[in-house]
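# Summary of structural features
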Amino acid sequence: VRRLALAGCVLIGAGSLHAQTTADAMAQRSVPASLITWSPFARLADLPQTLPASIAPPDLLGAPNPRIGLWWTVGIPGALPFEVSERRAIFRATGGGTSGSYRRALDPDDVTVIQASALAWSPIASSGGAAGAVLVDQERAGAMPFATTVLPYTSDPFVVTDTTVPKERRVRARVEGSFAWRVGRVGAGVAAGVEESDERTVDSRFPHIGRTSTPAVRAGLAFAPLAGLRLGAYGRWIAGSETMTLQPRTAPGLVFLLAGYHDPDSTAVAQLGGFFRRSQRSARSGGLAAAGSMLGAEWVLFAERAVRHDGHFSVRLSNPPTDRWDANGWTIGAAAQRRFGGAILVTAHGRWETLHGEGQLADLTGVVLRARESALVLSGEVRYAPAGSEWTATATGALSRVHRDRYDFIVEVGSDLVQWTPSAALALARRIGHTSVAVAASGAAYSAVGSIPDASQMGPVYQHLVASSMAVAATRARPLVFTLSVGQHLGTGTTLLLDGYYDALVRSGPRSDLWSLPEGDRTTWSVSARVVVAP
Amino acid sequence: MVATRLGPSVWHPGRGFTLVAALILSVSTARAQERPGAVITGRVVLVADHVPIAGVVVSVEGTLLQSISDSAGRYRLSGVPPGPQVLLARRIGYAPARIPLTVPPTGSVVRDIAMAQHALELPEIQVTADVSGRARGEAGTSSVVERDAIAHQTATSLTGVLELLPGVPLQPPGLDAVQQFSLRSVATSTPAATTLGGPSAAQLASLGTLIILDGVPVSNNANLQTTGPRGEQRLAATGGAGIDLRQIPASTIERVEAIRGIPSARYGDLTQGVIVVDTRAGRVAPQLNARFDVRTIEASMVGGWGLGASHTVTAVADVAKSDISPGLSGETATRITAQLAHRATLGRRPGGVGEPRLALDTRASFFQLFQDNPEQPDVEPGLESSNRDRGWAAQERARLSLGRGAALTLTTAADYTQRRSRAQANRIRGASPFTDRLTEGTQEGRFVQGAYLSQFQLQGDEWRLYNRLEAETPASWLGAEHELRAGLELRREWNDGPGYLFDIEFPPQVSFNSVQGYDRPRRFDAIPPVATSGVYVDDRLVRRLLGQATLDLQAGLRLDLLHDGTLWTSGIRDAVLEPRVNAQLSPWPWLRLRAGWGRAGKAPTVGQLYPAPQYFDVVNVNWYATDPAERLAVLTTFIRDPTNPALGFSTADKREAGIELATPRGNAALSLVAFRDRTTGGIGYANDPTFLLREHFNLADSTTGTGVPPVIVEPAAYADTVPVLIARPANILTLNNHGFEATLSLPEFQPLGLQLSVQGAWIKTEFLQNAVDFGQSFSPFQTGTAARAPYWESVERTGEQIIVTYRLVHHEPRFGLVVSLTVQHLAKDVLEDLAGTDTLAFAGYITRTGELVPVPPERRADPEYAELHVPRSGVLLLPRETPADWLASLQVSKTLPLGGELRFYAFNASDRLGRFQESAAERQRQLPGMRFGVELTAPLPFGGGLR
């Protein structure tokens, strides 16, 4: 194990802990997080290992001012009738891509995405509310190295890989909706959705065929016992499956089932029969929340306990031998918002997540991999929009601290990293008649302190497929983001927006001798057209 | 029950029809002046703000009753028949509204109708089949699927729409494979097909399910795209079974009526039931529909425009492509369809409301369905196949209104389908004698051996002429209201394609046992046309009984004729008389007791009437020397014609009984039906045993190393017999289906906008062949020297299935949102063969002269039959039960701004794999994989349909 001593920053910042694919990232930055908190697909008991990223600049033209509450911050469906009082619909079409050599072994390259989505919410009469969203996208990777699993960098260590770098196409559709009703002081609601995706290699001699299905449900109650105080309780459930088939066409292929830091045996896949792998995932949680107002400020507090059970098997039997990943964790969060005068709105969020997971292989007794992880994200925004002015300005800061402690009991090797990502963003918007323009930029300084396995002492599979992710996680990097939006008011509450987005990730520290540390940079761009209807 | 067959006679159906039609039309003069019944009144309003809508045509489905709303939105319908009825409200610019209700025998009903510009905003949208739906003019059990439900289905073709019927398993949308549909039958298919010979139960049932497209039957009778019983390369073609429903896109369908019970006498050439499909016609707001599925891309367009007051033109087009094995092979299926419909209305019926004096409906349509599996040189060189079908159809329907509800309708149609199937594969055959002789006789052959690229083509050009003349009139006598109908149907079908083509030197088969010959090419255009005709008369009466009770009785008689020549004036080869009765008693409007009985007949297909000649190449000399120059082969070619002059109609005796309950508002209903169908005389291949005489010659100068072949010494030294089986089409199949269907629709739970409907079916199918089975030991017997070989009685294969489908629909009219969750429970699925399999199960033996000698059961254990004591193979020994399982599908439909609509669907949304094997007696159930996609409907700017 090599001990790393990397410089850390103590400013502000937060990287995305959620988006793992280019399409995911594109979908997430299309709307502010508070508008989709209610989504039943929000991750549970999982802290994905993403590439360093900066905070997303605020959307000053298409989104309303940031809000907090049981619905907006915690996503409790029963609070919808209490907190949603206007209608809004956002339709969006986006194209973009990601490329660059600064990536891990299982990250795709030359990715292009086309995506269409819609999001809407509305009150129903005086005592109900509804929200809904739909997303359809297609992601094409010019090179999809080794990973058969769609998301190879979740907390779950069981990942299917092979020996090819094919082109791949992934098509995904997601539909989700929430309905809620209020009777007196009590609101009850439910949000449900399903996401389906289909992955296929293109022109490959060792084709992968995969599909995922993820149903999710969130239900919650809100209760307003006193003026200025609301209490909430909720539960969530996400299940899902990922089915992978590999079918060699011309010659047998090799599959490696990663399960931590040890080198797994290779599985030879013959032309007759192919290789089958199924991952069945299930997570559930329950939480309590409170929201209110005090001293002119709105506040929200919540706590959530989540449990996850993932199973992976390769044979079609009634009770197949299954590799298991069991995890649990807590999420505690708070938010506050206060308006100063008529021009300044200050919003602050804090979120602390923990995860404790253990992996077991079907053919071994006992735990083969243990993970103890936590993430703290603090962020704050100051929004300045003087009455009567054509100008709006925001300054945002965030700080993310992620601690990942993983230990592989087979090779008795572990990693222990504390990752810091302070970031800041500035955004400026101006209205000129029926036209609006907004520009924004954000930057972050990513660093990590801790220890990772010495790749030179590890096996060839680790060196080839795992080492690069550890090297990237342990290396300082500087993500930058620039955005430009232009809006045109079309009348009757309808606005057309054109957005441009660009981000870049480069290594910022001196070149280290870490095994498999990639060179170069990684850039992402997108352009999108949005229609916002807010009558 | 045995169908009545009429022998050859000088019967001319046209004369009979003239008499019957004249009788019916004369009755019309005696009809009552005014129909009794209830009065329905109400207002038509806009759903959003209750503003009255004027000019809305409100009608009672299936009748001529209609009213037009006034400026206050008021309408009034009188003389509405009692029982469950459906009000239809239509006006250009608004989505059609469909309101089910139960009508009392007398009195009045007030029912307001809400309309909206988009169907999803209507409070009463129907996205499933009607629980107690009635096909127009039919009293038998039916399911009716309307446009709104079709649009909400994840259907690519008609097959997907039919999943709304009870007992039909859900399948993912797409054009992945041939789609043939059979009503009320379990697909007890192929494993025993080799034992049974000929078609499977599923193929027989799909052939007997009649598909009517815009009033004209769609036929597969002249489809000869099959390599026959000896074919070793199979095609994804549809010869010998029902039509491939992929050629009928769901996007172009307006309405589907599935007559599951006893159809009226109007419908012939069927054994199972009738699927009546109406495509979109009339004035339709133009719209574009696009589907993006992970495997299928589809775009369709529909628009209907008014040309003045009397003419409408409707254009429909659909293009779809499916990747059948994406990522693994380049196999694709593509479909292009287009249809142009014109309707002209001339004059007005005297004293009538709305119906024109003469209505002319003209349709021209085109379809193309290609399935291509291109060669993958790096995976399996040489392997390639394709099926390419394209065709056109033209039809004209003229309906002349004769006053007082009487009408005369003439339908005439012609269609042509070109089918081009080809397949190639690298094949290897061992050294064997070979002859390419095309006529009977003996000649020297040669030896063939080694690998070669086998290629063949099946090129069929199918033609069909269809005519129907029908007279109908209402009448009133003996206190009952009658709807009388009589008609004449004429069909002529033939195939003049180039046929089954291949290079004789490189035949598609590689198996040769010194007796069974290789196939020879065959031209289809040498096969004569087949002419059939039918005449029918049908009366449906409604009579009030005591109190609120009513009786609805439909009785008819149909005569179908198979002509022995190529014209309808030719003599009669076979005939079947088909009485049909449906009765329905309603003691109260909310209760209906129903029963039906009838017989139906299905004519043989062109391929069954004119099967391909069978070639036997018997080897007389087989001298295979090391030096090819010294080899000698002599073969005698025998050609046997398997045509069966006795081949005739297969017939089905059908009966059913049921009960239906409905709430007065029609928002909840329960229907229970028990049925029993018995099809006899289904056409399969009977292996007729006979023998060939094989001569054996001595050879002279057979010393090796001479460089020349030996000399044949004539005459033959001796001759022996070779037993052979002639695969002859015969009426030997019996298909019994019985079961139980239940449909339940509960009222909407208003606070949550939820409605649940449940439908299920238990169906048991018994399929047997009334012929002997020679098993898999016949070929060794044929080529060996054994004096006899056992034969067995036919296997009876049974299939049993219970499928229950739950549909939970959430509707939010104010958002134009419909979410439906469909859960299908595959509760039972059992296949079983009923046959003796022990060594004493044989029924007798066949001699080398093809003689069948039965052995009584009590003597089968005798030592003299010891060599016949062999176990039987090819039979399922245990009940093969598939574990119960379920799958769930999700559909979401939502209106978009500017009149558009977005639909999302996920088939097997939770991606269940299926149940895996628990014991040796169970089969593994592998569910179809998850499939998802979105559909977008957008109005087109040239809105001529709104004029």
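Right, let's walk through the structure included here. Note on numbering: residues in each chain are counted from 1, in written sequence order. Chains carry letters and ligands carry numbers; both start at the beginning, A for chains and 1 for ligands, and go up in the order they are written. A pLDDT threshold of at least 70 governs which residues receive local features in this predicted model, and a stricter bar of 80 or more applies before side-chain atom pairs are shown or counted, although totals over entire chains, interfaces and linings include all residues. Side-chain measures here rest on the full set of heavy atoms in the structure, leaving out hydrogens and waters.

The next point concerns the overall build of chain B. The helix count covers DSSP runs of H or I at least four residues long, the strand count covers runs of E at least two residues long, and both are numbered beginning at the N terminus. When helices and strands are tallied, chain B shows 7 helices and 43 strands. Each radius of gyration reported is based on C-alpha atoms, and the globular scaling rule is 2.2 Å times the count of residues to the power 0.38. Relative to the 2.2 N^0.38 estimate, which gives 30 Å for 947 residues, the radius of gyration of chain B is 31 Å and therefore close to what a compact globule would have. Viewed in the frame of its principal axes, chain B has a C-alpha envelope of about 110 × 60 × 55 Å. Only protein chains enter the calculation, and the probe is 1.4 Å; a residue is then buried if its accessible area is under 20% of its type maximum, exposed if over 50%, and partly exposed in between. Relative to its full complement of 947 residues, chain B shows a buried share of 57%.

With that settled, consider the environment of glycine 342 of chain A. Residues and elements named next belong to chain A. Mapped onto the elements of the fold, glycine 342 is located in the loop between β14 (323–340) and β15 (344–360). Taking the relative accessible area as the measure of exposure, glycine 342 reaches 57% and is therefore exposed. Counting along the chain gives 123 residues from glycine 342 to alanine 219, while the straight-line C-alpha distance between them is 36 Å.

Opposite charge on two side chains allows them to pair when their charged atoms are near. Residue and element names in this part refer to chain B. In the sections that follow, a salt bridge refers to a side-chain nitrogen of Lys or Arg positioned within 4 Å of a carboxyl oxygen of Asp or Glu. Within the structure shown, the criterion is met by 83 salt bridges over all chains. Notably, a salt bridge pairs glutamate 741 with arginine 184, separated by 2.9 Å at the nearest N-O pair. Taken together, the residues span a long stretch of sequence, with glutamate 741 in strand β32 (residues 711–745) and arginine 184 in the loop between α3 (158–161) and α4 (193–196) at a distance of 557 residues. The exposure classification of glutamate 741 matches that of arginine 184, with both residues buried. Measuring nitrogen to oxygen at the nearest pair gives 2.4 Å for the salt bridge that ties glutamate 864 to arginine 859. Residue classification places glutamate 864 among the partly exposed residues on the basis of a relative accessible area of 41%. For arginine 859, a relative accessible area of 34% corresponds to the partly exposed category. One salt-bridge network, in which partners are shared between bridges, spans Arg266, Asp269, Arg468, Glu470, Glu489, Arg491, Arg558, Asp560 and Lys602.

On to the interface of chain B and chain A. Facing the 36 residues of chain B at the interface are 35 residues of chain A. The junction of chain B with chain A conceals about 2,900 Å² of combined surface from both sides, 65% of it contributed by carbon and sulfur atoms. Aspartate 911 of chain B is paired through a salt bridge with arginine 278 of chain A; the nearest N and O atoms lie 3.3 Å apart. Polar contacts here mean pairs of N or O atoms no more than 3.5 Å apart (in protein, one a potential hydrogen donor and the other a potential acceptor; neighbouring residues in sequence count only if both atoms are side-chain atoms). Joining chain B to chain A, the criterion identifies 7 residue pairs in polar contact (both at pLDDT 80 or more). The element best represented in the side of chain B that touches chain A is strand β42 (residues 901–907) of chain B, accounting for 3 residues. Here, two residues are considered to be in contact whenever any of their heavy atoms come within 4.5 Å of each other. By convention, the term buried area covers the 1.4 Å-probe accessible surface removed from two parts as they join, with the contributions of both added.

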